[in-house]
Amino acid sequence: MSALAPHFSYWVTLFLMVAGLYILIARGNLVKKLIGLAVLQSSVYLLYIAPGKLLGGTAPIVAAGFSTYSNPLPHVLILTAIVVGVATLALGLAITVRIREAYGSIEEDEILERDRAEGR
Amino acid sequence: MIVALCLLLPVAAAAWLALCHRRPNLREAVSLAAAAGLFACVASLSGEVLRGGRPALVLGEIFPGLPVAFVLEPLGLMFALIASGLWFVSIVYSIGYLRGNGERHQTRFFACFALAIAAAIGVAFAGNLLTLYLFYEALTLVTWPLVTHHGDDAARRGGRVYLGLLVASSMLFLLPAMAITWWLGGTLDFTPGGILGGKVSGGAAAGLVALYAFGIGKAALMPLHRWLPAAMVAPTPVSALLHAVAVVKAGVFSIVKVVVYVFGLDFEPAAFAWLPWVAGFTILAASVVALRADNLKRRLAYSTVSQLSYVVLAAALLAPLSIVGAALHIAAHAVGKITLFFAAGAVYTAARKTLVSELDGLGRRMPWTFAAFGIGALSMIGLPPAAGFVSKWFMVSGAIEAQHWMALAVIAASTLLNAGYFLPIVYRAFFRPAGGEMHGEAPWTMVAALVFTAALTVAMFFWADLPLALARSLA
Amino acid sequence: MLEHLPALQVVLPLVAAPLIVLARSTRFAWLATTVVSYACLVCAALLASRVADGGAISYALGNWPPPWGIEYRVDALSAFVLVAVSLTASFVAPYAQRSIAAEIEPDRQYLMYAMYCLCLAGLLGMAITGDAFNLFVFLEISSLASYVLIALGRRRQALFAAYQYMLLGTVGATFYVIGVGLLYLVTGTLNFADLAERLRMVQDLRPVLAALAFITVGMGLKFALFPLHQWLPNAYAFAPSMATAFLAATATKVSVYVLLRYYFTVFDPAALFERLPTREIFLLLSVAAMVVASLAAVYQRDVKRLFAWSSVAQVGYITLGIGLENQAGLTGSITHLLNHGVTKGAIFLLLGGVALRAGAGAVTMETLAGLGRRMPLTALGLVVAGLSLIGLPGTAGFVTKWYLIVGALERGAWWVVAAIAASSLIAVAYVWRVVEAAYLREAPAPAAARREAPAGMLAAGLAMAGLCVYFGFFTSINVEGAHAAAALLLRGAQ
């Protein structure tokens, strides 16, 4: 148990990372794959932010009486990463909609089957 | 300056005659003028080279320390003289052949011919291994359209074997050999006395020799010889010039050049000890195949494989006399073999015969053609009054000088084999009755060309001064 | 003005993109794209010459000093990559006009130009930035733009190819950012120069090794390192011609540059190559890529996919230099960034011309039949570029091969020499399939009329093919630049 507690955030990060990858690989539905991707990306957010909180640190706004501040840089970085993640998700979903229009399905194996049938 | 002209002239000719596509006579005239001009330019340089001068032309460096450089030396000059001189003759012959057989794509033919000669001149004048390799590969590429001229399935297959073997051998073996030479010797310039002396020995040296010998696939050492018979799908003028003169000569020329200027004649003989055996095997095996081949061009092709290995054998002996013999044989074989191929093409054009068994009695219908064939055969066998005798004399002397009895035995045995597959053709042509319909000689341009080269073969026996002087200054 | 060149290099295309979207006019879009591409080339050339004269240039964005602010740093290596990318862009941009007009719906064409500008901005930014996270931002800018570029292809397979590329590419970028995160946790900085200093002390800690692994795999997905290459053949085969030409020539190259930057500048090369089996891993993977991908290319029917597989093999050449880790090897790698860029760029530009004349559908061997008669100049350009791909002397490809072989000899790695020769041989096989189809097969009757590609497209393709030969003889730009860059990288290894 002692191995878990101080590194709790890392364990969660690890779980999210692996779970996200698994969903991405194992699921055939295009939207579900995107969900896996989103879960993977959220593990990254946690990886950056959790260590940014310093023990005994306060919010990173200069105030009298405080000497330890939590690190604001990870938050900035992750905001950027979240924006990138949102853009990727939006693009992924847009492509999925177009795939649905073109193929009539968003299941990976059905799409591949339809391509094979067309004799590409 | 003249060196640059020698290189540019055939290229410019190729471009110009491509423009003359619609006016065949003008196109042919351009070809002939370019060939004559090229021969004149090359000949004008011979005086300086014989006096010991080495005209050079250095273009920019591709890699630091590795320029594209041209340096004329006697062997290169000889090759250039042969290539340019026989180009002129081949054009005359080709005009007759292409028109007599109604071949298509004549402009492409003459243009690629010109480019091939340009590449051959580049090989001849190369001052370092990089330049040699550059033009060597260019030669392969530029002759591919000539080999696949007919455009049918057979041509495509032949072209694949041709290109595949030549490019494979140069890429797998010659390029690494060059890189290793650069890494060991620090330079790729052709230097009298060699650049690898003392830098590599023992098994590694033998390995390097092997890389060069098999990497220069145009010398047709077995087992990399298959491209030569495969290239016989090409029209006969292509076989004549390229596979009797330009392509194969570029191969053996490169081998002699590497032996003399990269390894040097004082190089450790043990590294070369295995090469005469491979060359000897090639000579005998190819002769045996030639003996049994009924298709005339196939017989000539294997004869070429065999004759090329004479040069390799002589070069591998590292004896000064045999090097002279090797260099001379480059010239002697060129004029002799081109005569034989010209004759084969004339027979095809006039009588539509391709097999040896069909040649009965044709000698009396085509006396000039078969007389020339006879002279070419004499040169291959190595009998006077043909040029082949002179080169063979030096090769035998070199073998004795080097006390290499195996080489001597191989030369003797193959002389007999050569007689075995050439003399019967001459006999059949003149002394057996002819069958089939009556016909005469081939078109006059073809006959003129082959008579001229036959005369050259004889002339080289009587007036061997120039080739001898050039060859002698090598060793 | 001149001291802001590093910022201008990225800002010009970055600002052009929204302007194009606002203007909504295809004409303006093409004009802006072309002007911006040439401007980027001028910028890159100026930066390269200043670096060659005076050493590395450091530029603080917004005047915030590094390591707190984001630094743009131009040294010999990044200058080389900048020139390579903008050179390709300046050929593709004029080409794009007819190509996009033929392949994209009219009301979407300006969007394609906008995406192209964004992609260009992203790639240039990746090459010029000196900050690890800033690199991720530019990486994602260029990647997202390239996903869109690919998805705009005519056939519906383009959509799925773009989707797959997007999944794998985002995973790659995510891995990269995980690696950067681990590095940040250990050192507290994101600036490359600063990271390099602090990592010297903590090189052997496990998080650093983990970061190395994540960054390698992440970027490996981006540049299609074997066996992470699965997305590439489909993406290149189905994308619009102009997108394929641009991406094939640049995207993978810049990702390899990132790896070079990390391996030699950020991480300690001595530790990386002596204490870890980095050389062996890269040699093995490179040789596998070179041989396997070339073999795969031989059996393709779709010509664009054939050359896409060829690209996977050529990336193997680039990473081979990392495995050799000597001056000659790295020079070969870095010069191949440019050499392969012009070679593959020329091939895909010319194939785009063929596709335009052939109508909708894939470019197969049948489409190429009789090309020598129908489109002689295009066929000639393809042959020349194909020779450069094989690496025959007198072409840019030979320059690369020579350095890689010499580098391998210096390492005593004979099997690598054999592998380089063997893969060149396999390249002969697939290039010659194209040549035979073009020259030895008759075109099917209805398509037999002689009609070259439109002049703009043809000129761009032939000019790039000409560059393949030019860089084979006049090596001052590609070899000297690469030489300087390699020397710079290896100095860090001392």
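Just so it is clear, the structure is predicted and the values come from calculations on it, not from any experiment.

A. Structural context of the overall build of chain C. Tallying secondary structure elements over chain C gives 21 helices and 2 strands in all. Against the compact-globule benchmark of 23 Å for 494 residues, chain C has a radius of gyration of 21 Å, which places it among compact chains. C-alpha atoms of chain C, sized along the principal axes, occupy 70 × 55 × 40 Å. With 494 residues in all, chain C has 67% of them scored as buried. Excluding contacts between residues fewer than 6 apart, the proportion of contacts in chain C whose partners are at least 24 apart in sequence is 81%. In the structure as shown, chain C presents an accessible area of about 15,100 Å², 65% of it carried by carbon and sulfur atoms. Counting 31 positive and 23 negative side-chain charges, chain C places the averaged centre of each group 10 Å from the other.

B. Spatial organisation of the interface of chain C and chain A. Counting from both sides, the interface comprises 33 residues of chain C and, opposite them, 39 residues of chain A. Three residues, R156(C), F160(C) and Y163(C), lead the burial of chain C against chain A; their summed loss comes to 22% of the area buried on that side. There are 1 salt bridge connecting chain C and chain A. Taking the shortest distance from any N to any O, the salt bridge between D115(A) and R156(C) comes out at 3.9 Å. Here chain C and chain A share 7 residue pairs in polar contact (both at pLDDT 80 or more) between them. Those elements giving two or more residues to the side of chain C that touches chain A turn out to be α5 (132–151), α6 (157–187) and α9 (231–238) of chain C.

C. Here's a closer look at the interface of chain C and chain B. Opposite the 30 residues of chain C that make contact, chain B presents 30 residues. Carbon and sulfur atoms supply 80% of the area that chain C and chain B bury against each other, a total of about 2,800 Å² over both sides. For the chain C face of the interface with chain B, the top three residues by lost area are W402(C), W432(C) and L440(C), together amounting to 24%. Residues R160(B) and E436(C) are paired through a salt bridge, measuring 2.7 Å at the closest nitrogen-oxygen approach. The interface formed by chain C and chain B contains 2 residue pairs in polar contact (both at pLDDT 80 or more). If you list the elements that add at least two residues to the side of chain C that touches chain B, you get α17 (376–390), α18 (396–411), α19 (414–440) and α20 (455–473) of chain C. With 11 residues, α19(C) is the single largest residue contributor to the side of chain C that touches chain B. Looking at the side of chain C that touches chain B residue by residue, the classes come out as 21 nonpolar, 4 polar and 5 charged.

D. Region of interest: the environment of I91(B). All names here are of chain B. Here I91 shows up in helix α3 (residues 74–100). Here I91 falls in the buried class, since its relative accessible area comes to 0%. For I91, the residues in contact, after removing those within four places along its chain, are S31, L32, A35 and F110.

E. Here's a closer look at the side chain of S391(B). Residues and elements named next belong to chain B. As for its placement among the helices and strands, S391 is situated in helix α15 (residues 387–401). In terms of polar contacts, S391 uses its side chain to reach the side chain of H329, at 2.9 Å. The residues touching S391, leaving out its near neighbours within four places in the chain, are G325, L328, H329 and A332.

F. Fine view of helix α21 (residues 476–491) of chain C. For α21(C), with 16 residues, the first-to-last C-alpha span of 22 Å sits near the 22 Å given by 1.5 Å per residue. On its buried face, α21(C) sits against α3 (76–103), α10 (241–266), α14 (327–358), α18 and α20 of chain C.

G. Here's a closer look at the nonpolar core. The biggest cluster of nonpolar side chains holds 424 residues, and the ones touching the most others in it are Y176(C), Y262(C) and W402(C). When residues no more than four places from it in sequence are discounted, the contact partners of Y262(C) are A132(C), Y176(C), V180(C), L183(C), F192(C), I215(C) and F267(C).

H. Highlighting the pattern of salt bridges. Residue and element names in this part refer to chain A. Within the structure shown, the criterion is met by 20 salt bridges over all chains. The partner of E113 in a salt bridge is R116, with the nearest N and O atoms 3.3 Å apart. You can see E113 and its partner R116 sitting in helix α4 (residues 108–118), 3 residues apart, about one turn around the helix. The class for E113 is partly exposed, based on a relative accessible area of 44%. The class of R116 is exposed, set by a relative accessible area of 55%.

Conventions used here
Residues numbered from 1 in each chain as written. Chains lettered and ligands numbered in written order. Predicted model: local features only at pLDDT ≥ 70, side-chain atom pairs only at ≥ 80, totals over all residues. Heavy atoms only, no water. Helix = DSSP H or I, 4+ residues; strand = E, 2+ residues; numbered from the N terminus. Rg over C-alpha atoms; globule rule 2.2 N^0.38 Å. Buried < 20%, exposed > 50% of the residue type's maximum accessible area, 1.4 Å probe, protein only. Contact = heavy atoms within 4.5 Å. Areas by Shrake-Rupley, 256 points an atom, 1.4 Å probe, with all protein chains shown as cover. Lys, Arg positive; Asp, Glu negative; His and termini not counted. Charge placed at Lys NZ, Arg CZ, Asp CG, Glu CD. Buried area = accessible area lost by both parts, 1.4 Å probe. Salt bridge = Lys/Arg side-chain N within 4 Å of Asp/Glu carboxyl O. Polar contact = N/O pair within 3.5 Å; in protein donor to acceptor, adjacent residues only side chain to side chain. Nonpolar A, V, L, I, M, F, W, Y, C, P; charged D, E, K, R; others polar. Expected span 1.5 Å × (residues − 1). Core = buried A, V, L, I, M, F, W, Y, C linked by side-chain atoms within 4.5 Å.

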